[in-house]
Amino acid sequence: MTTDCLFCKIVAKNIPSTIIYEDEHVFAFEDIAPQAPVHVLVIPKKHIASLDLVKEEDRETMGVVMERTAHIARMLKVNEKGYRTIINTNGDGGQVVYHIHVHILGGKPIGAMVSR
Ligand code: AMP
Ligand code: ZN
């Protein structure tokens with residue numbers, strides 16, 4: 001746990017969130033400012049700041065995050081109609097919180113490009 005990281009604090013439940021899914025490696029919760037009817041963030045419990053900092057040792061963790069993202073999308077029943085996954089990376093990518101997270105957006109057509 002990185003003490004000054006917002007999402008580490010959410011994982012530790014020091015900051016409340018609406019939890020959608022949790023296991024040993026992965027945590028998923030509702031985005032506080034939803035951009036779609038379904039807007040969930042899926043994160044590894046391990047603090048990795050961004051996709052830019054994913055290393056060889058993180059292969060298994062990131063594999064689990066992606067597999068659980070698909071599982072959560074099915075849980076939320078957005079899989080058949082479809083959904084968008086986004087990982088914003090660094091400044092130009094629009095990253096605001098530096099604990100890697102996969103956005104799941106669904107429940108309506110998300111459109112051709114993302115403007116968030
Ligand atoms: P990004 O721009 O990819 O770094 O996205 C960060 C996301 O975290 C944004 O969509 C925010 O709405 C969301 N967010 C920020 N603070 C919280 C919080 N306390 N609980 C849930 N989501 C949050
Ligand atoms: Zn963190």
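Rules of the game
Residues numbered from 1 in each chain as written. Chains lettered and ligands numbered in written order. Predicted model: local features only at pLDDT ≥ 70, side-chain atom pairs only at ≥ 80, totals over all residues. Heavy atoms only, no water. Buried < 20%, exposed > 50% of the residue type's maximum accessible area, 1.4 Å probe, protein only. Helix = DSSP H or I, 4+ residues; strand = E, 2+ residues; numbered from the N terminus. Pairing = 2+ DSSP bridges. Near = heavy atom within 4 Å. Polar contact = N/O pair within 3.5 Å; in protein donor to acceptor, adjacent residues only side chain to side chain. Areas by Shrake-Rupley, 256 points an atom, 1.4 Å probe, with all protein chains shown as cover. 1 Å grid on protein atoms, 1.4 Å probe; cavity = no way out; pocket = protein on both sides within 12 Å on 5 of 7 lines; lining within 4 Å. Sits in = over half its atoms within 2 Å of the grid points. Nonpolar A, V, L, I, M, F, W, Y, C, P; charged D, E, K, R; others polar. Donors = N, O, S within 2.8 Å, 3.2 Å for Na, K, Ca; no water. Tetrahedral: all angles 85-135°; square planar, octahedral: opposite > 155°, others 65-115°. Contact = heavy atoms within 4.5 Å.

*Asks:* Explain the pairing of strand 2 (residues 26-30) to me, and be specific about the residues and the numbers.
*Replies:* With four of its five residues buried, strand 2 lies for the most part within the structure. Pairing geometry for strand 1 (residues 19-22) and strand 2, over three bridges, is antiparallel. Bridge pairing in strand 2 links Ile19 to Phe29. Here strand 1 folds back onto strand 2, and the loop between the two strands holds three residues.

*Asks:* Just give me the short version of the site of ligand 1, but keep the residues and values in it.
*Replies:* If you check the shell around ligand 1, you find 17 residues, and the closest are Asp31, Gly94, Val96, His101 and His103. Within the backbone of Gly94, one N or O atom sits 2.8 Å away from an oxygen atom of ligand 1. Side-chain polar atom of His101 to an oxygen atom of ligand 1: 2.7 Å apart, as the coordinates give it. With the chains in place, 86% of the 510 Å² that ligand 1 exposes on its own is no longer accessible. If you map ligand 1 onto the pockets, it falls in the largest pocket. Residue assignment for the shell around ligand 1 shows that the elements contributing at least two residues are helix 1 (6-11) and strand 2. Considering only residue class, the shell around ligand 1 consists of nine nonpolar, five polar and three charged.

*Asks:* Tell me about the coordination of the zinc ion (ligand 2), and name the residues and values.
*Replies:* Coordination of the zinc ion (ligand 2) by the protein comes from Cys5 (SG), Cys8 (SG), His47 (ND1) and His99 (ND1), over a distance range of 2.0 to 2.3 Å. Because the angles between the four donor atoms bound to the zinc ion (ligand 2) fall within 107 to 116 degrees, the donor set is best described as tetrahedral. All donors of the zinc ion (ligand 2) belong to a single chain; written as a sequence motif, their spacing is C-x2-C-x38-H-x51-H. Separated by 52 residues along the polypeptide, His47 in the loop between strand 3 (38-44) and helix 2 (59-75) and His99 in the loop between strand 4 (83-86) and strand 5 (102-106) bring together distant segments of the chain. With a relative accessible area of 26%, His47 lands in the partly exposed category. You can call His99 buried: its relative accessible area is 0%.

*Asks:* Outline the environment of Pro37, listing residues and values.
*Replies:* Counting through the fold element by element, Pro37 comes out in the loop between strand 2 and strand 3. Of the residues examined, Pro37 reaches a relative accessible area of 61% and is grouped as exposed. Each C-alpha atom, one on Pro37 and one on Ile86, is 16 Å from the other, the two residues being 49 residues apart in sequence. Residues within four places of Pro37 in sequence aside, it is in contact with Gly106, Gly107 and Lys108.

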